[in-house]
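Observations on the three-dimensional arrangement
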Amino acid sequence: MSKPFRGLDSGQLLLICAAGLVAVAGVAHTAAVGLERPEVAIGFGALIAVGELARLTMPGNREVAPIGAAAALGYTVLLDLATNPLRHSALQVVAVIAVGMVAGALPHLAVGRPPRLDAMARRLLTGALLAFAFRPLADTLHKLTLGDRGTWWPALTVMVALIALTLGIDMLIAAMLRAEQVRTAFKVAVRDELRMAFPLGAAVAASGVLLALASHSMDLVALVVFAAPLLVTQVAFRKYAGIRATYLQTVRALSRVTEVGGYVEPGHSRRVSRLAVAIGRELGMSEPELLELEYAALMHDIGQLSLRDPIPGGATVLTEPDQARRIAELGAEVIRQTGVLDRVADVVRRQCDPIDEDPPLSSRIIKAANAYDDLVGGSTDRDRAGAALERLRLATGSQYDGACITALARVVDRAPAYRL
């Protein structure tokens, strides 16, 4: 299978195939009947291409193209240009979006940065769904806006209603795909999409509607006027995403200090982090909680740097409870010195608290994941993994949380140690 299709699940492949069929139908129909108002189609198509060229990856590995999406939405709900009615069909909308997206993706392909096909397919299908719902109503809505008694309220009401419906369907599709990809509950994926993707989607929708309304009186000049602030906004989004990525890379680099210093086994922090995040997903934690859990899991052993003599193998599960708590407290103090990770520091500090003291869920998860990796390490021996799980089960209720151990067992059974 070619590189762009590697790692895609059945849901993603189905989405890509559906988008491909819709795109072919739109381009073929438009080529057969010709472009309605080609200068308008080319102008909006160019802005879509610019948006795809400037696409970015947001937290949660979500690939977005706000400018392209706003331009596609604006072209879809465009009723007239300088009061001259526009009658382009839904299939022409699909063709313009598809061609613009491909044109914007070509420079990325040329430098070896292929776009995520499932993300492009979702953007295309969202635009197509809105176009097939809105374009048949365009003539009627435009007539309602003309004349002395004409008003934009019916058109705006229909626009907002259909855009909201389309945005909701798009978020449900994204949640279904994400639930399958990261193995989390569908309701958790929906909650994450509402929290992480809805604000940006709402901003894009508002920009698209304003672009369509501005074109009513400003003609194609509206494309240039609106492109500038959208580009500035996208630069801010890109900086935010870059800061988040750099932050995580910095934490990962710091977590390796204990490995380089010989305090823990190589790869221990990364394995515990991945295992903890998998357990957190199994227990229905949200994305912000998972990010905090990942930070804490990566740095859960940083307190060992204060030890004069390293623990053999760095296995805190084999140490006395008092020493393990002291290591956790010292690590939390180091993390707190950053001034921005106080909650992460609290999770690290309480990872060795007894269950009856009700430590945070993240702390209980880290304790279970750390104990498992201390006992198994990077081994792929299933007998060793089974023995480690049995040992943790025997200590459930006194040292480990039962729900965490149950989730740990499911994760390990589903994905062997070498895959974690």
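The next subject is the side chain of R123. In this fold, R123 is placed in helix α5 (residues 117–134). There is a polar contact of 2.9 Å between the side chain of R123 and the side chain of E52. Look past the residues within four positions of R123 in its chain and what remains in contact with it is E52, E63, V64, A65 and M101.

For helix α7 (residues 153–182), which comprises 30 residues, the first-to-last C-alpha distance of 42 Å matches the rise-based estimate of 44 Å (1.5 Å per residue) to within 8%. Immediately beyond the C-terminal end of α7, within one or two residues, lies R183, with a positive phi of roughly 55 degrees.

In terms of nonpolar packing, the biggest core is built from 58 residues, with Y75, V77 and L124 touching the most fellow members. Ignoring anything within four residues of it in the chain, the contact list for V77 reads L130, F134, R135, M159, I163 and A212. By size, the runner-up hydrophobic cluster in this structure holds 47 residues, among which are M285, L298, A315 and I335.

Attention now moves to the environment of M101. Structurally, M101 can be placed in helix α4 (residues 90–110). Taking relative accessible area as the criterion, M101 reaches 4% and is therefore assigned buried. C-alpha separation for the pair M101 and I48, spaced 53 residues apart in sequence, amounts to 6.4 Å. In contact with M101, other than residues within four places in its own chain, are I48, E52, M120, R123 and L124.

As a further point, take the confidence of the model for the protein. Confidence in the prediction for the protein averages 86 pLDDT; 95% of positions are at 70 or higher. Within the protein, no element has a lower average pLDDT than helix α10 (residues 221–255), which sits at 78, and none a higher one than α4, at 95.

With that settled, the discussion passes to the pattern of salt bridges. This model, assessed by the stated rule, comprises 21 salt bridges. Where E63 meets R55, a salt bridge forms, and the shortest distance between an N and an O atom there is 3.2 Å. Like R55, E63 is buried. Taking the shortest distance from any N to any O, the salt bridge between R252 and E294 comes out at 2.9 Å. One end of the pair, R252, is in helix α10; the other, E294, is in helix α13 (residues 287–298), and 42 residues separate them in sequence. Take E294: its relative accessible area is 15%, and that puts it in the buried class. Connected through salt bridges with shared partners, the residues E52, R55, E63 and R123 form a single ionic network.

About the thresholds
Residues numbered from 1 in each chain as written. Predicted model: local features only at pLDDT ≥ 70, side-chain atom pairs only at ≥ 80, totals over all residues. Heavy atoms only, no water. Helix = DSSP H or I, 4+ residues; strand = E, 2+ residues; numbered from the N terminus. Polar contact = N/O pair within 3.5 Å; in protein donor to acceptor, adjacent residues only side chain to side chain. Contact = heavy atoms within 4.5 Å. Expected span 1.5 Å × (residues − 1). Core = buried A, V, L, I, M, F, W, Y, C linked by side-chain atoms within 4.5 Å. Buried < 20%, exposed > 50% of the residue type's maximum accessible area, 1.4 Å probe, protein only. pLDDT = per-residue confidence, 0-100. Salt bridge = Lys/Arg side-chain N within 4 Å of Asp/Glu carboxyl O.

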